[in-house]
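Understanding the architecture of this molecule
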Amino acid sequence: MKPLKYVLALFTLIICLHCKQNPATPTGTVTENAMVVSARQEASEIGSKIMKEGGNAFDAMIGTQLALAVAYPRAGNISGGGFMVYRQADGTIGSLDFREKAPKSAQKDMYLDSLDNVIPNMSTLGAASIGVPGSVAGIIEVHKKFGKLPLKQIFELVIALAENGVEVTAKQAEILKNYREVFIKVNSDSTKFAQVYKEGDKITYPNLAKTLRAIAEHGRDGFYKGEVAKKLANFIQANGGFITEDDLASYEAIWRTPVVFQYKDLNIISMGPPSSGGVTMNQIFEMIEPYNIASFGHNSDKAIQLFTEASRRAYADRNYFLGDPDFVDIPTSFLLNNNYLANRMADFSWKKATKSEAIAHGKLEIIESMETTHYSIVDQEGNAVSVTTTLNGNFGSKLYCDELGFFLNNEMDDFSAKAGVPNMFGLVGAEANSIEPEKRMLSSMTPTIVEKDGQLWMVVGTPGGSTIITAVAQTILNGYEFNMSMQDAVNAPRFHHQWLPDVVIFEPNGFSSSLKEKLKSKGYIINEERTPIIGKVDAIRVLSDGRLEGGADPRGDDSAIGF
Ligand code: GLY
């Protein structure tokens, strides 16, 4: 090494060591006791209020989930699904799977025509794309196991929000305008969302309030049985969908063991299958751990190269091996074996990009979207909850049940309709994620909790379809390796690679042309036309004095509220 290079490397190493010993000064909202970070102020407010009234993080989870269904209908929901990872104050961890599942009548080739081609839009738009919703079963299960406040007390806050209405933000007005035509196409022009909404308008949801009252009164039966279930099943079938009252009545949320792994001195707790988040992130971290990524510099060409090559290999495995663990044998210990992962990176070279086709085949277009939503909660006792929930696409299937007051998911598209054909996120699936009756579709949702030195350190997650896993991993690295505050770690520009298509996507700002040219010269294919925002991370960091720093993503209307 030349003397100047040696001095620079030593200097970087000293800075890195210094950083690890001196945690970043917070730049986001800081509270003393408790906090909720979510996609909407109204939802964070309700979650925080519940904890102020003596509720715990789990009560706040229920309130936040429901409030997002009112205030953030593009992804918040009672008619979608999701995953929760939790860590109680005493260190007990666990996770809940309230992912949607295929109806009992589902078949492997249900989205294929007589020539075996995927029927355009059938798994994404309208009633045929709907999976059996899991969110209400999820919140009721959470309340049964951990709830402190009466369910009705929590619901009343959200029912009031639905009845009094929610103000349309500028970003929301824009998105409602963009989707208006498709709402009319799927629902007719008499639907609530056929109206034009401007920034500052108030939207009230009296019919959703009625549905919420039925759930508050009857628990899960208020949604999965009786009047609401009958109306819902009839509505879906009248619109050409497959879900029956029997499908609704037999839905169950499932408590699952989370994926837990070490990265240096962090202990990372994340969601296992049917989410691919935990396993894929574990693989990425294991593959980059032998390198001192901090010494390369944040978003430097070397850091991007290393992360991209690890992601390329991890996503190739994701798409082939992962699916619903109740239906397929997932070779988890093989996929997470240190020797296997070291071998996987054996052909990585700093000089030249690995080609994805050298790992497997495939050709496709990527279409990213910002569907799904995540919220992070820490309460005054130290319980932490990380939840990612979704309708899949923005406003799910776009089918809005006016009588019950909510959009229906289009989660069936997360199955692989035909092996080798990409879904709406450009993810190419395999047999493990093929459609079967009552099977859960593979997800990328990655609600995560991180411990440092045995203590709660970070609660993190994001929307973003297939980009969720890399966005969560980069946020953790930003905080840990690059010593950023929670807010800065969330704000930092992100990039993404998912094996296929073999392209690196960069966010619009923060990556220079010279950096991209350098990567191109090594054979990386850079998607210059598409520079979407990647994820909307909502996270909380526990500071060394026990206070909480929120990281609410400025890419959306996200907000950190607590006390
Ligand atoms: N629907 C997006 C996901 O589950 O990953």
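Heads up: the structure comes first, above all this text.
Scope of this entry: the structure provided in the associated data block. These numbers come from a predicted model, not from an experiment.

Reading guide: rules and limits
Residues numbered from 1 in each chain as written. Predicted model: local features only at pLDDT ≥ 70, side-chain atom pairs only at ≥ 80, totals over all residues. Heavy atoms only, no water. Near = heavy atom within 4 Å. Polar contact = N/O pair within 3.5 Å; in protein donor to acceptor, adjacent residues only side chain to side chain. Areas by Shrake-Rupley, 256 points an atom, 1.4 Å probe, with all protein chains shown as cover. Nonpolar A, V, L, I, M, F, W, Y, C, P; charged D, E, K, R; others polar. Pairing = 2+ DSSP bridges. Helix = DSSP H or I, 4+ residues; strand = E, 2+ residues; numbered from the N terminus. Contact = heavy atoms within 4.5 Å. Axes fitted to C-alpha atoms, helices over the stretch in contact; angles between N-to-C directions. Buried < 20%, exposed > 50% of the residue type's maximum accessible area, 1.4 Å probe, protein only. Expected span 1.5 Å × (residues − 1). Core = buried A, V, L, I, M, F, W, Y, C linked by side-chain atoms within 4.5 Å. Phe/Tyr/Trp six-rings, centres within 6.5 Å; stacked < 30°, edge-to-face > 60°. Lys NZ or Arg CZ within 6 Å of the ring centre and 35° of its normal.

1. Remarks on the site of the ligand
Taken together, Arg-99, Thr-390, Asn-392, Glu-411, Asp-414, Phe-425, Ser-443, Ser-444 and Met-445 are the residues near the ligand. Take Arg-99: an N or O atom from its side chain is 3.0 Å from an oxygen atom of the ligand. Separating a nitrogen atom of the ligand from a side-chain N or O atom of Asp-414 is a distance of 2.7 Å. Computed on the free molecule, the ligand has an accessible area of 190 Å², of which 99% lies beneath the protein chains in the complex. Grouping the amino acids of the shell around the ligand by side-chain chemistry returns two nonpolar, four polar and three charged.

2. A closer look at the sheet that holds strand β1 (residues 30–31)
Strand order across the open sheet formed by seven strands is β1-β19-β18-β15-β14-β9-β8, with antiparallel pairing between neighbours. This sheet does not close on itself; its edge strands, each paired only once, are β1 and β8 (259–263). Lying on the sheet, helix α11 (residues 277–288) is in contact with β8, β9 (266–270) and β14 (448–452); it crosses β8 at an angle near 15 degrees. On top of the sheet, helix α16 (residues 468–480) reaches β8, β9, β14 and β15 (455–460); it is set at about 135 degrees to β15, its chief contact.

3. A look at the side chain of Gln-498
Among the secondary structure elements, Gln-498 is positioned in the loop between β16 (495–496) and β17 (505–506). What makes Gln-498 buried here is its relative accessible area of 1%. Looking at Gln-498, its side chain comes within polar contact range of the side chain of His-496, at 3.0 Å.

4. Comments concerning the side chain of His-496
Its place among the elements puts His-496 in strand β16. Residue His-496 is classed as buried on the basis of its relative accessible area, which comes to 1%. One polar contact links His-496 to Thr-470, side chain to side chain, over a distance of 2.6 Å. In contact with His-496, not counting residues within four places along its chain, are Tyr-315, Ser-466, Thr-467, Thr-470, Val-503, Val-504, Ile-505 and Ile-534.

5. Notes on helix α4 (residues 135–146)
Over its twelve residues, α4 runs 16 Å from end to end, which matches the ideal 16 Å to within 8%, given 1.5 Å per residue. Most of α4 sits out of view: ten of its twelve residues are buried. Three or more residues of α4 are buried, namely Ser-135, Val-136, Ala-137, Gly-138, Ile-139, Ile-140, Glu-141, Val-142, His-143 and Phe-146.

6. Details of the sheet that holds strand β7 (residues 254–256)
Strands sit in the order β7-β4-β3-β11-β10-β2-β20 across an open sheet of seven strands; the sheet is antiparallel. The two strands at the open ends of the sheet, each matched to only one other strand, are β7 and β20 (559–562). Neighbour to neighbour, the strand axes of the sheet diverge by 15 degrees on average, direction disregarded. As paired elements, strand β3 (residues 81–87) and strand β11 (residues 384–390) share seven bridges and run antiparallel to each other. Considered in β11, the bridge of Arg-87 is made with Ala-384. Here helix α2 (residues 41–52) sits on the sheet in contact with β2 (35–38), β10 (373–378) and β20, set at roughly 160 degrees to β2.

7. Some words on helix α7 (residues 206–218)
For α7, which comprises 13 residues, the first-to-last C-alpha distance of 19 Å matches the rise-based estimate of 18 Å (1.5 Å per residue) to within 8%. Taken together, the buried positions of α7 are Leu-208, Ala-209, Thr-211, Leu-212, Ala-214, Ile-215 and Ala-216. Where α7 is buried, its residues touch α3 (57–71), α4, α5 (151–164), α8 (221–224), α9 (226–238) and β13 (406–407). One or two positions beyond α7, positive phi appears at Gly-219, with a value near 65 degrees.

8. What about the nonpolar core?
Counting residues in hydrophobic clusters, the biggest one holds 86 residues, and the most contacted among them are Met-61, Ile-78, Met-84 and Phe-155. Dropping the residues within four chain positions of it, Met-84 is found in contact with Phe-58, Met-61, Gly-94, Ser-95, Leu-96, Phe-98, Val-142, Trp-255, Met-271, Val-385, Ser-386 and Val-387.

9. Concerning the environment of Lys-185
Mapped onto the elements of the fold, Lys-185 is located in helix α6 (residues 170–187). Lys-185 sits 119 residues away from Leu-66 along the chain, and the two C-alpha atoms are 27 Å apart.

10. Notes on the packing of aromatic side chains
Summed over the entire model, instances satisfying the criterion amount to 33 aromatic pairs. Residues Phe-146 and Trp-255 carry aromatic rings whose centres are separated by 5.9 Å and whose planes lie at 85 degrees to one another, so their mutual orientation is edge-to-face. A residue pair is termed long-range when its members are at least 10 positions apart, and Phe-146 in helix α4 and Trp-255 in strand β7 qualify at 109 residues. According to the relative accessible area criterion, Trp-255 is partly exposed, its value standing at 26%. Consider the rings of Tyr-291 and Phe-348, whose centres lie 6.0 Å apart with planes at 80 degrees: the pair is edge-to-face. Remark: Phe-348 occurs in the loop between α15 (338–344) and β10 and Tyr-291 occurs in the loop between α11 and α12 (293–296); sequence separation between them is 57 residues. Judged by relative accessible area, which is 23%, Tyr-291 ranks as partly exposed. One aromatic cluster is present, built from ring pairs that chain together Tyr-179, Phe-183, Phe-193, Tyr-197, Phe-395, Tyr-400 and Phe-407. When the ring centre of Trp-255 is taken as origin, the NZ or CZ atom of Lys-145, which lies over that ring, is 4.6 Å away.

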